[in-house]
Amino acid sequence: HAFQKNTSLAFRELLGLTANLSQETGKKILLMLDEFQNLESLELADPFGLFGKEMMIQKDTLYLVTSSAPHKTHEIFHDRLSPLFGNFEVIEVGPLKMDAIRSWIREQHPEVVIPDSDLRTLSHLLNNHPYYFQLFLEVVKTASLRMSPLVWNREFLMSALGEALFSDRGFLNRHFE
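Residues numbered from 1 in each chain as written. Predicted model: local features only at pLDDT ≥ 70, side-chain atom pairs only at ≥ 80, totals over all residues. Heavy atoms only, no water.

### Here we look at the overall build of the chain
Applied cut-off: The helix and strand labels rest on DSSP assignments: H or I over at least four residues marks a helix, E over at least two residues marks a strand, and numbering proceeds from the N terminus. Only C-alpha atoms enter the radius of gyration; for comparison, a globular chain is expected to reach 2.2 Å times N to the power 0.38, where N is the number of residues. When accessible area is computed with a 1.4 Å probe and restricted to protein chains, residues below 20% of their type maximum are described as buried, those above 50% as exposed, and intermediate ones as partly exposed. Whether two residues are in contact is decided by their heavy atoms: any pair within 4.5 Å suffices. Computed with a 1.4 Å probe, the accessible areas rest on the Shrake-Rupley method; for each residue, only the protein chains presented here act as cover.
Secondary structure assignment for the chain yields eight helices and two strands. Secondary structure of the chain in N-to-C order comes out as α-β-α-β-α-α-α-α-α-α. Taken against the 2.2 N^0.38 rule, which gives 16 Å for 177 residues, the C-alpha radius of gyration of the chain at 20 Å runs more than 25% over that of a compact globule. Structurally, the chain occupies a C-alpha span of about 55 × 35 × 30 Å along its principal axes. Among the 177 residues that make up the chain, the fraction classed as buried is 34%. Looking at the chain alone, contacts between residues at least 24 apart form 67% of all its contacts between residues at least 6 apart. Surface summary for the chain: the accessible area is close to 11,700 Å², and the carbon and sulfur share equals 56%.

Below, the structure written as structure tokens:
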């Protein structure tokens, strides 16, 4: 109980830093919380309650939360933060079109060149979702460190997919676990 009280206090202080930063700089603050639903895994008595209380008093902080579990996050907003729900704008990011995926890969991972036929395969498998592509490309980058220079072929694609999906340390495997 004492540990939860101390971590709750530390969490509240951490969220309160944005007010101090805003006051000292005279600027508005954007606080981004990735995988928002995972606040629940912190050893806090009520992480979303604490977050909601801080959010109500932080007038110069804009909160941007992301989540790969939209249903869970919607439940958190609706059930746990319902008094504030009118202050939230929910924007769901769905699958991208093939041209957008191609451009995104070129911009974010210029070192990775995926042939169109393999990109179409990945497109269907990963549903053109940028988050899944990002996780897969992390596997590709790790593999490219082991194979220098990276030789992209069907065998490499199957190996990378196997690593991502079935290996205990695979990014997609851990995500879906």
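Following the structure, the description resumes.
### Some words on the pairing of strand E2 (residues 61-65)
Every regular strand shows the same layout, with side chains that alternate between the two sheet faces. Our working definition: When DSSP finds two or more bridges between two strands, those strands count as paired. Note on handedness: a clockwise path from strand one over the helix to strand two, with the strands aimed away from the viewer, defines a right-handed crossover.
Note: strand E1 (residues 29-33) against E2, five bridges, orientation parallel. Paired with Leu31 across the two strands is Tyr63, which belongs to E2. For the crossover from E1 across helix H2 (residues 47-57) to E2, the handedness is right-handed.

### Things to note about a nonpolar patch on the surface
Stated precisely, the cut-off is as follows: Note on patches: the residues involved have over 30% relative accessible area and no salt bridge, like charges join within 9 Å, and the nonpolar side chains Val, Leu, Ile, Met, Phe, Trp and Tyr join within 5 Å. Here a salt bridge means any side-chain nitrogen of Lys or Arg lying within 4 Å of a carboxyl oxygen belonging to Asp or Glu.
Taken together, Leu30, Met32, Leu62 and Leu64 make up a surface patch of nonpolar side chains, about 410 Å² in accessible area. Within the residue set of the nonpolar patch, elements represented by two or more residues are E1 and E2. Inspection of the secondary structure puts Met32 in strand E1. Owing to a relative accessible area of 55%, Met32 belongs among the exposed residues under this scheme.

### Quick word on the environment of Leu81
Residue placement: Leu81 occurs in the loop between helix H3 (70-80) and helix H4 (98-108). For the pair Leu81 and Phe48, spaced 33 residues apart in sequence, the C-alpha separation works out to 7.3 Å. With residues near it in sequence (within four places) discarded, Leu81 still touches Phe36, Phe48, Phe51, Gly52, Ile76 and Phe88.

### Focus: the packing of helix H5 (residues 116-126) against helix H6 (residues 130-146)
What counts is decided by this rule: Every axis corresponds to a line fitted to the C-alpha atoms, with the helix fit spanning only the stretch in contact, and the corresponding angles, defined between N-to-C directions, vary from 0 to 180 degrees. Should an angle fall under 35 degrees it is taken as roughly parallel, and over 145 as roughly antiparallel, whereas 65 to 115 is taken as roughly perpendicular and any remaining angle as oblique. The sense of a crossing depends on the near helix, which, turned anticlockwise from the far helix by less than a right angle, makes the crossing left-handed and, turned clockwise, makes it right-handed. Under the convention adopted here, Pro, Cys and the residues Ala, Val, Leu, Ile, Met, Phe, Trp and Tyr are nonpolar, Asp, Glu, Lys and Arg are charged, and Gly plus all remaining residues are polar.
Between H5 and H6, whose axes approach to 9 Å, the crossing angle comes to 125 degrees. Classified by the interaxial angle, the pair formed by H5 and H6 is oblique. Considering only the axes of H5 and H6, their crossing is right-handed. The segment H5 lies against H6, with Leu119, Leu122, Ser123 and Leu126 engaging Tyr132, Phe133 and Phe136. When the residues that make up the contact of H5 with H6 are grouped by side-chain class, the tally is six nonpolar, one polar and no charged.

### Some thoughts on the environment of Gly26
Relative to the helices and strands, Gly26 resides in the loop between helix H1 (2-25) and E1. Each C-alpha atom, one on Gly26 and one on Pro95, is 38 Å from the other, the two residues being 69 residues apart in sequence.

### Here we look at the packing of aromatic side chains
Quick note on the threshold: Each Phe, Tyr or Trp ring, with Trp reduced to its six-membered ring, pairs with another whose centre is within 6.5 Å; inter-plane angles below 30 degrees give stacked pairs, above 60 give edge-to-face pairs, and intermediate values give tilted ones.
Scanning the entire structure with this criterion turns up six aromatic pairs. Considering the side-chain rings of Phe36 and Phe77, the 5.6 Å spacing of their centres and the 20 degrees angle between planes classify their relative orientation as stacked. Of the two residues, Phe36 sits in the loop between E1 and H2 while Phe77 sits in helix H3, which places them 41 residues apart along the sequence. Among the residues examined, Phe36 registers a relative accessible area of 0% and is labelled buried. Taken together, the ring pairs connect Phe36, Phe48, Phe51, Tyr63 and Phe77 into an aromatic cluster.

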